[in-house]
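Examination of the molecular architecture
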Amino acid sequence: MKVYTQTTDYEASWSDVSYAIFNKYPNPFASHVLQSDVLSRTLHPTTGLLSTIRVHVKSGSVPSWAKSLFKANPVSYILEDSTVDPVGRRMLTRTRNMDHRRFLLIEETQEIVPHPSKEGVTRVVTTARVSSGLGWGLTAKLEKFGVGRFAENLARSRQGLLHVLEKVGRRMQPGSGSVACEGAGTAAASATASGAAGRRATVVFESSLAE
C-alpha cells in the first residue's frame, strides 16, 4: 500500500470552501466526471451535523500496458460520504471506488478546517491510501500508477474548486440574483483557476510513502 498526503491552503473562508466542495461539479477541470447524485442527506436535530452520501460517475482509465490483462469498464463509480459540523467548522469527506477494486483501490479522506493561525484561510488535508490486490508481480507498479494518477487528478480538482469559488462569488454579488446550489451554507469567495485574481490555493505539504 502507498499513502499519499497533501496539505493545501485556500485563501477563502471555511464556509466558502465547504460550500464550493458540495457544488464542485460540473466545472471545466473535471470533464471526466460524468454525473453526480445525492443518495441520502440527513441533518442531525441535536448536533446539527449534516451527513451526505453521494455517488460520482467518472470515465475510467487504465495504463496502456494493463489493458491486455482485463476488460475495464468505460466508467467508474465513486462513493462519497461527508460530514459537516457547522459549529465546530470542520468538514470530513471519504471517497472510494466501487469497482476495479482488486485492480486498484483508492480510499481518500479530506479534512477541511480553518487555518490554525491565518484568518480567512482554509486548510484542506487530503490523504489517499492506494492498494492493489492483483498480484502477478504487478502490485508495486499499479500502486505507483495509482498515486501518480491521483496526484494529477488532485491538481485538477484544486483548479476546479477555485473555478467554482470564483463562479459562486460572482453570482453572490449585489444585483446578480440568487444562487441555486446543492450545498448548505453561504459562499461569497472570489477566485480564479490561475489564482491571479486574489484567491489562491497553495500546496504547503506533500508526501508519498509506502506502508
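Below, the structure is looked at part by part.

Basis of the calculations
- Residues numbered from 1 in each chain as written.
- Predicted model: local features only at pLDDT ≥ 70, side-chain atom pairs only at ≥ 80, totals over all residues.
- Heavy atoms only, no water.
- Pairing = 2+ DSSP bridges.
- Helix = DSSP H or I, 4+ residues; strand = E, 2+ residues; numbered from the N terminus.
- Axes fitted to C-alpha atoms, helices over the stretch in contact; angles between N-to-C directions.
- Buried < 20%, exposed > 50% of the residue type's maximum accessible area, 1.4 Å probe, protein only.
- Contact = heavy atoms within 4.5 Å.
- Phe/Tyr/Trp six-rings, centres within 6.5 Å; stacked < 30°, edge-to-face > 60°.
- Lys NZ or Arg CZ within 6 Å of the ring centre and 35° of its normal.
- 1 Å grid on protein atoms, 1.4 Å probe; cavity = no way out; pocket = protein on both sides within 12 Å on 5 of 7 lines; lining within 4 Å.
- Points joined across faces, edges and corners; volume = space filled by probe spheres on them.
- Nonpolar A, V, L, I, M, F, W, Y, C, P; charged D, E, K, R; others polar.

Side note on the sheet that holds strand β4 (residues 75–85)
- Judged by pairing direction, the sheet is antiparallel, and its eight strands sit side by side in the order β2-β3-β4-β5-β6-β7-β1-β8 without closing on themselves. If you trace the sheet from one side to the other, it starts and ends with β2 (33–43) and β8 (201–210), each paired once. Averaged over neighbouring strand pairs, the angle between their axes works out to 15° when direction is ignored.
- As paired elements, strand β6 (residues 105–114) and strand β7 (residues 122–131) share 10 bridges and run antiparallel to each other. Residue pairing across strands places isoleucine 112 opposite valine 124, the latter belonging to β7.

Side note on unusual backbone geometry
- In this structure, proline 26 follows tyrosine 25 across a cis peptide bond, with omega equal to 0°.
- As for its position among the elements, proline 26 is in the loop between α1 (14–22) and β2.
- Residue arginine 89 is not a glycine yet carries a positive backbone phi of 50°.
- Following the sequence through the fold, arginine 89 ends up in the loop between β4 and β5 (90–97).
- The phi angle at histidine 100 is positive, at roughly 55°, despite the residue not being glycine.
- As for its position among the elements, histidine 100 is in the loop between β5 and β6.

Here's the deal with the environment of leucine 43
- Looking at the element boundaries, leucine 43 is found in strand β2.
- Taking the relative accessible area as the measure of exposure, leucine 43 reaches 60% and is therefore exposed.
- With residues up to four places along the chain from it excluded, the contact list for leucine 43 reads Gly48, Leu49 and Leu50.

Description of the packing of aromatic side chains
- All chains considered together, the criterion is met by one aromatic pair.
- Here tyrosine 4 and phenylalanine 150 contribute two aromatic rings whose centre-to-centre distance is 5.8 Å and whose plane-to-plane angle is 70°, an arrangement assigned as edge-to-face. In this pair, tyrosine 4 sits in strand β1 (residues 2–10) while phenylalanine 150 sits in helix α2 (residues 139–171), placing the two residues 146 residues apart along the sequence.
- Assessed through its relative accessible area of 4%, tyrosine 4 is described here as buried.
- Positioned over the ring face of phenylalanine 22 is arginine 41, at 5.0 Å from the centre of the ring.

Topic: empty space enclosed by the protein
- The full count for this structure, using the stated rule, is one cavity of 30 Å³ or more.
- Each pocket or cavity is described by its volume, and for the largest cavity that value is around 110 Å³.
- Gln6, Thr8, Tyr10, Ile21, Lys24, Gln110, Val124, Thr126, Leu154, Ser157, Arg158 and Leu161 are the residues that line the largest cavity.
- Taken together, the elements giving at least two residues each to the lining of the largest cavity come down to β1, β7 and α2.
- Element by element, the count of residues in the lining of the largest cavity is highest for α2, at four residues.
- Across the lining of the largest cavity, the residue classes tally to five nonpolar, five polar and two charged.

Nothing here speaks to function; it is all geometry.
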